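Per-entry structural report
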Amino acid sequence: MNLHFDHVTLGQRVLFGSGCAADNLAAEVVRLAARRIMVIASRSETAVAQAVTQHIDVAVFHDDVAPHVPIANAEAARAVATDNSIDLLVCIGGGSTTGLAKAVALTSGLPIVAVPTTYAGSEATNVWGITEAARKTTGVDDKVLPGTVIYDAHLTLSLPVELSVASGLNGMAHCIDSMWAPRTDPINRAIAAEGIRALAAGLPAIKDDPQDLSGREQALYGAYLSAVAFASAGSGLHHKICHVLGGAYNLPHAQTHATVLPYVLAYNAPAAPEAERRIATALGTDTAVTGLNTLRKSLDAPHALKDYGFDETQVPEAVELILPFVPDSNPRPVTATDLDALLRAAHSGDTPVL
Ligand code: NAD
(Lines give C-alpha, C1' and ligand atoms only; values in the text may rest on other atoms or scores of the structure.)
Protein backbone atom coordinates (compact mmCIF):
# COMPACT_ATOMS: atom_id res chain seq x y z
CA MET A 1 0.00 0.00 0.00
CA ASN A 2 1.27 3.51 -0.84
CA LEU A 3 2.07 5.84 2.02
CA HIS A 4 -0.19 8.87 1.73
CA PHE A 5 -0.97 11.04 4.74
CA ASP A 6 -1.18 14.54 6.17
CA HIS A 7 0.51 14.83 9.57
CA VAL A 8 0.87 17.82 11.90
CA THR A 9 3.57 17.80 14.57
CA LEU A 10 2.96 20.25 17.43
CA GLY A 11 6.00 22.30 18.45
CA GLN A 12 7.08 21.91 22.07
CA ARG A 13 10.27 21.93 24.06
CA VAL A 14 10.44 18.89 26.37
CA LEU A 15 12.87 18.85 29.28
CA PHE A 16 12.98 15.43 30.92
CA GLY A 17 15.06 14.66 33.98
CA SER A 18 14.40 13.29 37.46
CA GLY A 19 15.30 15.76 40.17
CA CYS A 20 15.84 18.52 37.57
CA ALA A 21 12.49 20.34 37.55
CA ALA A 22 13.54 23.36 39.63
CA ASP A 23 16.74 23.93 37.60
CA ASN A 24 15.00 23.33 34.29
CA LEU A 25 12.23 25.77 35.19
CA ALA A 26 14.72 28.45 36.23
CA ALA A 27 16.57 28.04 32.93
CA GLU A 28 13.31 28.26 30.96
CA VAL A 29 12.29 31.45 32.75
CA VAL A 30 15.61 33.02 31.76
CA ARG A 31 15.33 31.76 28.18
CA LEU A 32 11.80 33.17 27.87
CA ALA A 33 12.80 36.42 29.63
CA ALA A 34 9.68 36.13 31.80
CA ARG A 35 9.29 38.74 34.56
CA ARG A 36 5.77 38.28 35.96
CA ILE A 37 5.06 34.62 36.61
CA MET A 38 1.77 33.10 37.78
CA VAL A 39 2.12 29.62 39.25
CA ILE A 40 -1.01 27.47 39.12
CA ALA A 41 -1.03 24.46 41.46
CA SER A 42 -3.81 23.01 43.60
CA ARG A 43 -3.74 23.38 47.39
CA SER A 44 -2.58 19.80 47.83
CA GLU A 45 0.37 20.50 45.51
CA THR A 46 1.56 23.60 47.40
CA ALA A 47 4.73 22.00 48.79
CA VAL A 48 5.64 20.55 45.39
CA ALA A 49 4.99 23.91 43.72
CA GLN A 50 7.21 25.71 46.20
CA ALA A 51 10.04 23.23 45.68
CA VAL A 52 9.83 23.42 41.88
CA THR A 53 9.75 27.25 41.88
CA GLN A 54 12.50 27.73 44.48
CA HIS A 55 14.91 29.35 41.99
CA ILE A 56 12.47 31.78 40.33
CA ASP A 57 10.58 34.93 41.36
CA VAL A 58 6.85 34.26 41.46
CA ALA A 59 4.41 37.16 41.11
CA VAL A 60 1.43 35.13 42.30
CA PHE A 61 0.58 31.58 43.37
CA HIS A 62 -2.93 30.52 42.37
CA ASP A 63 -4.41 27.38 43.95
CA ASP A 64 -8.12 27.57 43.09
CA VAL A 65 -8.08 24.42 40.94
CA ALA A 66 -11.11 22.15 40.45
CA PRO A 67 -11.76 19.08 38.26
CA HIS A 68 -12.91 19.74 34.67
CA VAL A 69 -12.22 23.51 34.87
CA PRO A 70 -15.52 25.08 35.97
CA ILE A 71 -16.07 28.39 34.14
CA ALA A 72 -16.04 30.32 37.45
CA ASN A 73 -12.54 29.00 38.20
CA ALA A 74 -11.40 29.87 34.68
CA GLU A 75 -12.70 33.43 34.99
CA ALA A 76 -11.18 33.90 38.44
CA ALA A 77 -7.77 32.71 37.22
CA ARG A 78 -8.01 34.97 34.14
CA ALA A 79 -8.69 37.95 36.39
CA VAL A 80 -5.70 37.11 38.59
CA ALA A 81 -3.47 36.94 35.50
CA THR A 82 -4.71 40.32 34.25
CA ASP A 83 -4.57 42.04 37.66
CA ASN A 84 -0.97 40.91 38.14
CA SER A 85 0.27 41.78 34.62
CA ILE A 86 1.39 38.18 34.15
CA ASP A 87 3.67 37.30 31.23
CA LEU A 88 4.16 33.54 31.88
CA LEU A 89 1.93 30.79 33.30
CA VAL A 90 3.56 27.86 35.09
CA CYS A 91 1.22 24.98 35.95
CA ILE A 92 2.32 22.22 38.31
CA GLY A 93 -0.08 19.31 38.77
CA GLY A 94 -2.40 16.89 36.99
CA GLY A 95 -4.75 17.39 34.06
CA SER A 96 -7.10 19.61 36.07
CA THR A 97 -4.30 22.07 36.86
CA THR A 98 -2.98 22.07 33.30
CA GLY A 99 -6.58 22.57 32.16
CA LEU A 100 -6.91 25.75 34.24
CA ALA A 101 -3.70 27.19 32.77
CA LYS A 102 -5.03 26.39 29.30
CA ALA A 103 -8.27 28.25 30.09
CA VAL A 104 -6.22 31.35 30.96
CA ALA A 105 -4.05 30.99 27.85
CA LEU A 106 -7.12 30.59 25.66
CA THR A 107 -8.30 34.15 26.27
CA SER A 108 -4.98 35.85 27.07
CA GLY A 109 -2.54 34.14 24.69
CA LEU A 110 -0.08 33.84 27.59
CA PRO A 111 2.62 31.18 27.18
CA ILE A 112 2.55 28.10 29.45
CA VAL A 113 5.34 26.06 30.99
CA ALA A 114 3.73 22.82 32.21
CA VAL A 115 5.14 20.61 34.96
CA PRO A 116 2.89 17.49 35.02
CA THR A 117 2.50 15.28 38.09
CA THR A 118 0.13 12.63 36.65
CA TYR A 119 0.02 10.62 33.41
CA ALA A 120 -3.04 12.41 31.94
CA GLY A 121 -1.02 14.02 29.14
CA SER A 122 -2.94 17.29 28.77
CA GLU A 123 0.42 19.12 28.68
CA ALA A 124 1.19 17.76 25.20
CA THR A 125 -2.10 18.61 23.48
CA ASN A 126 -3.69 21.76 22.08
CA VAL A 127 -7.09 20.65 23.44
CA TRP A 128 -8.85 22.73 26.11
CA GLY A 129 -11.95 21.94 28.18
CA ILE A 130 -14.21 24.18 30.29
CA THR A 131 -17.34 23.16 32.20
CA GLU A 132 -20.39 25.42 32.33
CA ALA A 133 -23.85 24.47 33.65
CA ALA A 134 -22.72 20.84 34.06
CA ARG A 135 -21.65 20.60 30.40
CA LYS A 136 -18.02 20.31 29.39
CA THR A 137 -17.10 22.12 26.19
CA THR A 138 -13.84 21.20 24.53
CA GLY A 139 -12.00 22.84 21.69
CA VAL A 140 -8.69 22.88 19.86
CA ASP A 141 -6.50 25.97 19.82
CA ASP A 142 -2.72 26.17 19.47
CA LYS A 143 -2.74 29.06 21.98
CA VAL A 144 -3.30 26.54 24.81
CA LEU A 145 -0.42 24.23 23.87
CA PRO A 146 2.29 24.61 26.53
CA GLY A 147 5.47 25.83 24.82
CA THR A 148 7.61 23.90 27.28
CA VAL A 149 6.96 20.74 29.28
CA ILE A 150 9.18 19.86 32.21
CA TYR A 151 9.02 16.21 33.28
CA ASP A 152 10.47 15.14 36.62
CA ALA A 153 9.56 11.65 37.81
CA HIS A 154 10.39 12.64 41.42
CA LEU A 155 7.20 14.72 41.41
CA THR A 156 5.11 11.62 40.68
CA LEU A 157 6.43 9.48 43.55
CA SER A 158 3.60 10.76 45.75
CA LEU A 159 0.88 9.70 43.29
CA PRO A 160 -0.86 6.72 44.99
CA VAL A 161 -0.56 3.38 43.15
CA GLU A 162 -4.28 3.19 42.43
CA LEU A 163 -4.31 6.63 40.82
CA SER A 164 -1.01 5.94 39.04
CA VAL A 165 -2.53 2.82 37.47
CA ALA A 166 -5.75 4.58 36.44
CA SER A 167 -3.87 7.62 35.10
CA GLY A 168 -1.34 5.42 33.27
CA LEU A 169 -4.17 3.48 31.63
CA ASN A 170 -5.66 6.83 30.60
CA GLY A 171 -2.37 7.29 28.74
CA MET A 172 -2.64 3.75 27.34
CA ALA A 173 -6.11 4.70 26.07
CA HIS A 174 -4.63 7.67 24.17
CA CYS A 175 -2.23 5.25 22.47
CA ILE A 176 -4.72 2.50 21.63
CA ASP A 177 -7.42 4.89 20.42
CA SER A 178 -4.83 6.63 18.22
CA MET A 179 -4.61 3.43 16.17
CA TRP A 180 -8.04 4.09 14.61
CA ALA A 181 -8.87 7.74 15.43
CA PRO A 182 -9.98 10.08 12.60
CA ARG A 183 -6.49 11.44 11.80
CA THR A 184 -4.52 8.26 12.47
CA ASP A 185 -1.36 8.01 10.35
CA PRO A 186 1.89 6.02 10.35
CA ILE A 187 3.69 8.64 12.46
CA ASN A 188 1.19 8.85 15.31
CA ARG A 189 0.74 5.05 15.25
CA ALA A 190 4.51 4.59 15.66
CA ILE A 191 4.56 7.06 18.56
CA ALA A 192 1.54 5.34 20.11
CA ALA A 193 3.21 1.92 19.90
CA GLU A 194 6.28 3.19 21.78
CA GLY A 195 3.92 4.78 24.32
CA ILE A 196 2.22 1.41 24.89
CA ARG A 197 5.59 -0.28 25.36
CA ALA A 198 6.77 2.34 27.88
CA LEU A 199 3.52 2.34 29.89
CA ALA A 200 3.40 -1.48 29.92
CA ALA A 201 6.94 -1.45 31.34
CA GLY A 202 6.45 1.39 33.80
CA LEU A 203 3.07 0.63 35.40
CA PRO A 204 3.91 -2.87 36.72
CA ALA A 205 7.18 -1.49 38.14
CA ILE A 206 5.19 1.21 39.98
CA LYS A 207 2.71 -1.38 41.25
CA ASP A 208 5.60 -3.50 42.59
CA ASP A 209 7.34 -0.51 44.15
CA PRO A 210 5.71 2.94 44.05
CA GLN A 211 9.11 4.52 44.82
CA ASP A 212 10.79 2.87 41.80
CA LEU A 213 12.04 5.92 39.90
CA SER A 214 12.80 4.08 36.66
CA GLY A 215 9.22 2.74 36.55
CA ARG A 216 7.93 6.28 37.15
CA GLU A 217 10.19 7.60 34.35
CA GLN A 218 8.92 5.00 31.88
CA ALA A 219 5.31 5.85 32.78
CA LEU A 220 5.92 9.60 32.39
CA TYR A 221 7.74 9.11 29.07
CA GLY A 222 4.89 6.86 27.90
CA ALA A 223 2.33 9.43 29.03
CA TYR A 224 4.00 12.12 26.94
CA LEU A 225 4.11 9.89 23.85
CA SER A 226 0.49 8.90 24.38
CA ALA A 227 -0.61 12.53 24.40
CA VAL A 228 1.46 13.40 21.33
CA ALA A 229 -0.16 10.51 19.45
CA PHE A 230 -3.63 11.51 20.67
CA ALA A 231 -3.17 15.20 19.80
CA SER A 232 -2.19 14.18 16.28
CA ALA A 233 -4.70 11.36 15.68
CA GLY A 234 -7.74 12.90 17.41
CA SER A 235 -10.53 11.27 19.40
CA GLY A 236 -11.51 7.74 18.44
CA LEU A 237 -14.43 5.62 19.63
CA HIS A 238 -12.96 5.15 23.12
CA HIS A 239 -12.57 8.88 23.79
CA LYS A 240 -16.04 9.64 22.47
CA ILE A 241 -17.56 7.07 24.84
CA CYS A 242 -15.58 8.32 27.85
CA HIS A 243 -16.27 11.98 27.10
CA VAL A 244 -20.02 11.33 27.12
CA LEU A 245 -19.90 9.13 30.24
CA GLY A 246 -17.71 11.60 32.15
CA GLY A 247 -19.85 14.59 31.24
CA ALA A 248 -23.32 13.08 31.58
CA TYR A 249 -22.76 10.98 34.72
CA ASN A 250 -19.90 12.84 36.38
CA LEU A 251 -17.64 9.77 36.37
CA PRO A 252 -13.95 10.16 37.36
CA HIS A 253 -11.77 10.80 34.29
CA ALA A 254 -8.83 8.40 34.64
CA GLN A 255 -10.85 5.51 36.14
CA THR A 256 -13.48 5.75 33.39
CA HIS A 257 -10.82 5.55 30.69
CA ALA A 258 -9.07 2.68 32.46
CA THR A 259 -12.34 0.72 32.72
CA VAL A 260 -13.76 1.27 29.22
CA LEU A 261 -10.53 0.73 27.23
CA PRO A 262 -10.42 -3.11 27.11
CA TYR A 263 -14.02 -3.26 25.87
CA VAL A 264 -13.32 -0.89 22.99
CA LEU A 265 -10.15 -2.81 22.14
CA ALA A 266 -12.01 -6.15 22.17
CA TYR A 267 -14.72 -4.63 19.97
CA ASN A 268 -12.40 -3.08 17.37
CA ALA A 269 -9.48 -5.54 17.29
CA PRO A 270 -11.06 -8.12 14.93
CA ALA A 271 -11.74 -5.36 12.38
CA ALA A 272 -8.33 -3.68 12.72
CA PRO A 273 -5.68 -6.35 12.15
CA GLU A 274 -2.75 -3.95 11.65
CA ALA A 275 -3.57 -2.06 14.86
CA GLU A 276 -4.08 -5.37 16.67
CA ARG A 277 -0.58 -6.54 15.62
CA ARG A 278 1.04 -3.27 16.65
CA ILE A 279 -0.62 -3.27 20.07
CA ALA A 280 0.17 -6.96 20.70
CA THR A 281 3.81 -6.43 19.69
CA ALA A 282 4.12 -3.36 21.90
CA LEU A 283 2.65 -5.30 24.81
CA GLY A 284 4.90 -8.29 24.03
CA THR A 285 1.97 -10.71 23.84
CA ASP A 286 0.28 -13.00 21.30
CA THR A 287 -2.88 -10.92 20.99
CA ALA A 288 -3.69 -7.33 21.90
CA VAL A 289 -6.80 -8.24 23.91
CA THR A 290 -5.14 -10.90 26.07
CA GLY A 291 -2.12 -8.61 26.48
CA LEU A 292 -4.19 -5.72 27.80
CA ASN A 293 -6.38 -8.00 29.96
CA THR A 294 -3.28 -9.62 31.51
CA LEU A 295 -1.62 -6.26 32.16
CA ARG A 296 -4.78 -4.86 33.74
CA LYS A 297 -5.15 -7.93 35.96
CA SER A 298 -1.55 -7.64 37.16
CA LEU A 299 -2.19 -3.97 37.98
CA ASP A 300 -5.47 -4.63 39.77
CA ALA A 301 -6.86 -1.96 37.42
CA PRO A 302 -10.29 -0.32 37.68
CA HIS A 303 -12.62 -2.80 36.00
CA ALA A 304 -16.32 -1.95 36.43
CA LEU A 305 -18.17 1.33 35.84
CA LYS A 306 -20.65 0.39 38.57
CA ASP A 307 -17.80 1.05 41.05
CA TYR A 308 -17.69 4.70 39.93
CA GLY A 309 -21.37 5.62 40.11
CA PHE A 310 -22.62 4.47 36.69
CA ASP A 311 -25.96 2.66 37.00
CA GLU A 312 -27.10 -0.03 34.55
CA THR A 313 -30.44 1.81 34.12
CA GLN A 314 -28.44 4.64 32.50
CA VAL A 315 -27.14 2.41 29.67
CA PRO A 316 -29.96 3.09 27.13
CA GLU A 317 -29.65 6.85 27.58
CA ALA A 318 -25.84 6.67 27.31
CA VAL A 319 -26.15 4.69 24.08
CA GLU A 320 -28.33 7.42 22.57
CA LEU A 321 -25.90 10.11 23.70
CA ILE A 322 -22.82 8.32 22.33
CA LEU A 323 -24.14 7.09 18.95
CA PRO A 324 -24.04 10.48 17.14
CA PHE A 325 -20.37 10.85 18.09
CA VAL A 326 -19.10 7.49 16.80
CA PRO A 327 -16.30 8.47 14.37
CA ASP A 328 -16.67 7.44 10.74
CA SER A 329 -13.07 6.24 10.94
CA ASN A 330 -13.94 3.47 13.40
CA PRO A 331 -12.77 0.19 11.87
CA ARG A 332 -15.99 -1.60 12.81
CA PRO A 333 -19.53 -0.23 12.39
CA VAL A 334 -21.20 0.52 15.73
CA THR A 335 -24.94 -0.06 16.25
CA ALA A 336 -27.07 0.81 19.28
CA THR A 337 -27.14 -2.92 20.13
CA ASP A 338 -23.33 -3.11 20.02
CA LEU A 339 -22.93 -0.07 22.26
CA ASP A 340 -25.55 -1.39 24.66
CA ALA A 341 -23.64 -4.66 25.05
CA LEU A 342 -20.30 -2.86 25.41
CA LEU A 343 -21.61 -0.52 28.13
CA ARG A 344 -23.35 -3.32 30.03
CA ALA A 345 -20.13 -5.35 30.06
CA ALA A 346 -18.12 -2.30 31.19
CA HIS A 347 -20.73 -1.59 33.84
CA SER A 348 -20.50 -5.02 35.39
CA GLY A 349 -16.79 -5.66 34.73
CA ASP A 350 -17.23 -8.86 32.69
CA THR A 351 -13.96 -10.00 31.14
CA PRO A 352 -13.65 -8.27 27.74
CA VAL A 353 -13.58 -10.90 24.98
CA LEU A 354 -13.51 -10.81 21.18
P1 NAD B 1 -6.42 15.57 38.30
O2 NAD B 1 -5.53 16.61 37.74
O3 NAD B 1 -7.80 15.98 38.68
O4 NAD B 1 -5.66 14.89 39.53
C5 NAD B 1 -6.29 13.82 40.23
C6 NAD B 1 -5.93 13.92 41.71
O7 NAD B 1 -4.54 13.61 41.88
C8 NAD B 1 -6.13 15.30 42.30
O9 NAD B 1 -6.69 15.16 43.58
C10 NAD B 1 -4.70 15.86 42.39
O11 NAD B 1 -4.57 16.82 43.42
C12 NAD B 1 -3.92 14.60 42.68
N13 NAD B 1 -2.51 14.61 42.27
C14 NAD B 1 -2.00 15.08 41.12
N15 NAD B 1 -0.68 14.83 41.08
C16 NAD B 1 -0.34 14.22 42.25
C17 NAD B 1 0.88 13.71 42.77
N18 NAD B 1 2.01 13.73 42.08
N19 NAD B 1 0.84 13.15 44.00
C20 NAD B 1 -0.33 13.05 44.68
N21 NAD B 1 -1.52 13.49 44.23
C22 NAD B 1 -1.52 14.08 43.01
O23 NAD B 1 -6.60 14.32 37.30
P24 NAD B 1 -5.89 13.90 35.94
O25 NAD B 1 -6.35 12.53 35.67
O26 NAD B 1 -4.43 14.20 35.99
O27 NAD B 1 -6.52 14.90 34.89
C28 NAD B 1 -7.89 14.78 34.52
C29 NAD B 1 -8.34 16.05 33.84
O30 NAD B 1 -7.48 16.36 32.75
C31 NAD B 1 -9.74 15.91 33.25
O32 NAD B 1 -10.45 17.12 33.43
C33 NAD B 1 -9.48 15.64 31.79
O34 NAD B 1 -10.55 16.02 30.96
C35 NAD B 1 -8.25 16.48 31.56
N36 NAD B 1 -7.43 16.01 30.44
C37 NAD B 1 -7.29 16.84 29.38
C38 NAD B 1 -6.55 16.45 28.29
C39 NAD B 1 -6.38 17.40 27.15
O40 NAD B 1 -5.74 17.07 26.17
N41 NAD B 1 -6.93 18.59 27.23
C42 NAD B 1 -5.90 15.20 28.27
C43 NAD B 1 -6.05 14.37 29.38
C44 NAD B 1 -6.82 14.80 30.47
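Residues numbered from 1 in each chain as written. Predicted model: local features only at pLDDT ≥ 70, side-chain atom pairs only at ≥ 80, totals over all residues. Heavy atoms only, no water.

The chain is annotated in an unreviewed UniProt entry as Maleylacetate reductase from Rhodococcus opacus. Recorded in UniProt under Sequence similarities (unreviewed entry), the annotation for the chain is "Belongs to the iron-containing alcohol dehydrogenase family." (UniProt positions renumbered as here; feature names shortened; annotations may be inferred.)

**Structural notes on the overall build of the chain**
Looking only at helices and strands, the chain features 13 helices and 8 strands. The C-alpha radius of gyration computed for the chain amounts to 20 Å, which stays within 12% of the reference 20 Å derived for 354 residues, consistent with globular compactness. When its C-alpha atoms are laid out on the principal axes, the chain stretches across 55 × 45 × 40 Å. Counting all 354 residues of the chain, 55% fall into the buried class. Looking at the chain alone, contacts between residues at least 24 apart form 73% of all its contacts between residues at least 6 apart. For the chain, the exposed surface amounts to about 14700 Å²; the carbon and sulfur share of it is 53%. Separation between the mean location of the 23 positive side-chain charges and that of the 36 negative ones in the chain comes to 2 Å. (Helix = DSSP H or I, 4+ residues; strand = E, 2+ residues; numbered from the N terminus. Rg over C-alpha atoms; globule rule 2.2 N^0.38 Å. Buried < 20%, exposed > 50% of the residue type's maximum accessible area, 1.4 Å probe, protein only. Contact = heavy atoms within 4.5 Å. Areas by Shrake-Rupley, 256 points an atom, 1.4 Å probe, with all protein chains shown as cover. Lys, Arg positive; Asp, Glu negative; His and termini not counted. Charge placed at Lys NZ, Arg CZ, Asp CG, Glu CD.)

**Let's talk about the domain arrangement of the chain**
Looking at the assigned domains, one finds that the chain contains domain 1 (13-156) and domain 2 (161-348). Here domain 1 and domain 2 have C-alpha centroids that lie 26 Å from each other. At the junction of the two partners, domain 1 supplies 18 residues and domain 2 supplies 22 residues. Together domain 1 and domain 2 conceal approximately 1700 Å² of surface at their shared face, both sides included; 68% is due to carbon and sulfur atoms. Counting across the domain 1 and domain 2 interface gives 0 salt bridges. If you look at where domain 1 meets domain 2, you find 5 residue pairs in polar contact (both at pLDDT 80 or more). For the side of domain 1 that touches domain 2, the elements supplying multiple residues, two or more each, are strand E1 (13-16) and strand E7 (135-140). Along the lines of polarity and charge, the residues of the side of domain 1 that touches domain 2 split into 8 nonpolar, 8 polar and 2 charged. (Domains from an automatic or database assignment. Buried area = accessible area lost by both parts, 1.4 Å probe. Salt bridge = Lys/Arg side-chain N within 4 Å of Asp/Glu carboxyl O. Polar contact = N/O pair within 3.5 Å; in protein donor to acceptor, adjacent residues only side chain to side chain. Nonpolar A, V, L, I, M, F, W, Y, C, P; charged D, E, K, R; others polar.)

**Concerning the packing of helix H5 (residues 161-178) against helix H9 (residues 253-268)**
It is at 8 Å that the axes of H5 and H9 come closest, and there the two elements cross at 45 degrees. Put simply, H5 runs oblique to H9. The element H5 and its partner H9 pack so that their crossing is left-handed. Where H5 approaches H9, its residues Leu163, Ala166, Ser167, Leu169, Asn170, Met172, Ala173 and Ile176 are matched on the opposing element by His253, Ala254, Gln255, His257, Ala258, Leu261 and Leu265. Residue classes in the contact of H5 with H9 are distributed as 10 nonpolar, 5 polar and no charged. (Axes fitted to C-alpha atoms, helices over the stretch in contact; angles between N-to-C directions. Parallel < 35°, antiparallel > 145°, perpendicular 65-115°, else oblique. Left-handed = near helix turned anticlockwise from the far one by under 90°.)

**Points about helix H12 (residues 315-322)**
All of the buried residues along H12 are Val315, Ala318, Val319 and Ile322. Seen end-on, H12 carries its buried residues on one side only, within an arc spanning 105 degrees. Where H12 is buried, its residues contact helix H8 (237-249) and helix H13 (336-348). (Arc of directions from axis to C-beta.)

**A few points about the sheet that holds strand E3 (residues 60-62)**
Pairing within the open sheet is parallel, and its 6 strands lie in the order E1-E8-E5-E4-E2-E3. Of all the strands in the sheet, the pair left with one neighbour each is E1 and E3. Pairs of neighbouring strands in the sheet enclose a mean axial angle of 15 degrees, with direction left out of account. Of the strand pairs in this sheet, strand E2 (residues 37-40) and E3 are connected by 3 bridges, and their pairing is parallel. Along E3, the bridge assignment pairs Ile40 with His62. Seen against the sheet, helix H7 (residues 213-233) touches E1 and strand E8 (148-151) and runs at an angle of roughly 170 degrees to E1. (Pairing = 2+ DSSP bridges.)

**Let's talk about the site of the ligand**
Neighbouring the ligand are 21 residues; Ser96, Thr117, Thr118, Thr125 and Lys136 lie closest to it. One of the backbone N or O atoms of Gly95 is found 2.8 Å from an oxygen atom in the ligand. Within the backbone of Leu159, an N or O atom sits 3.3 Å from a nitrogen atom of the ligand. Within the complex, 80% of the 860 Å² of free accessible area of the ligand lies under protein. For the shell around the ligand, the element with the highest residue contribution is helix H4 (residues 95-108), accounting for 3 residues. Among the residues making up the shell around the ligand, the classes are represented as 5 nonpolar, 13 polar and 3 charged. (Near = heavy atom within 4 Å.)

**Notes on the nonpolar core**
If you look at the biggest cluster of nonpolar residues, it comprises 69 residues, and the most contacted ones within it are Met172, Ile176, Ile196, Ile241, Leu245, Leu265 and Leu343. In terms of residue count, H9 provides more of this core than any other element does, 8 residues in total. If you count residues domain by domain, this core takes at least three from each of domain 1 (13-156) and domain 2 (161-348). Met38, Ile40, Ala105 and Leu110 belong to the second largest nonpolar core, which has 24 residues in total. (Core = buried A, V, L, I, M, F, W, Y, C linked by side-chain atoms within 4.5 Å.)

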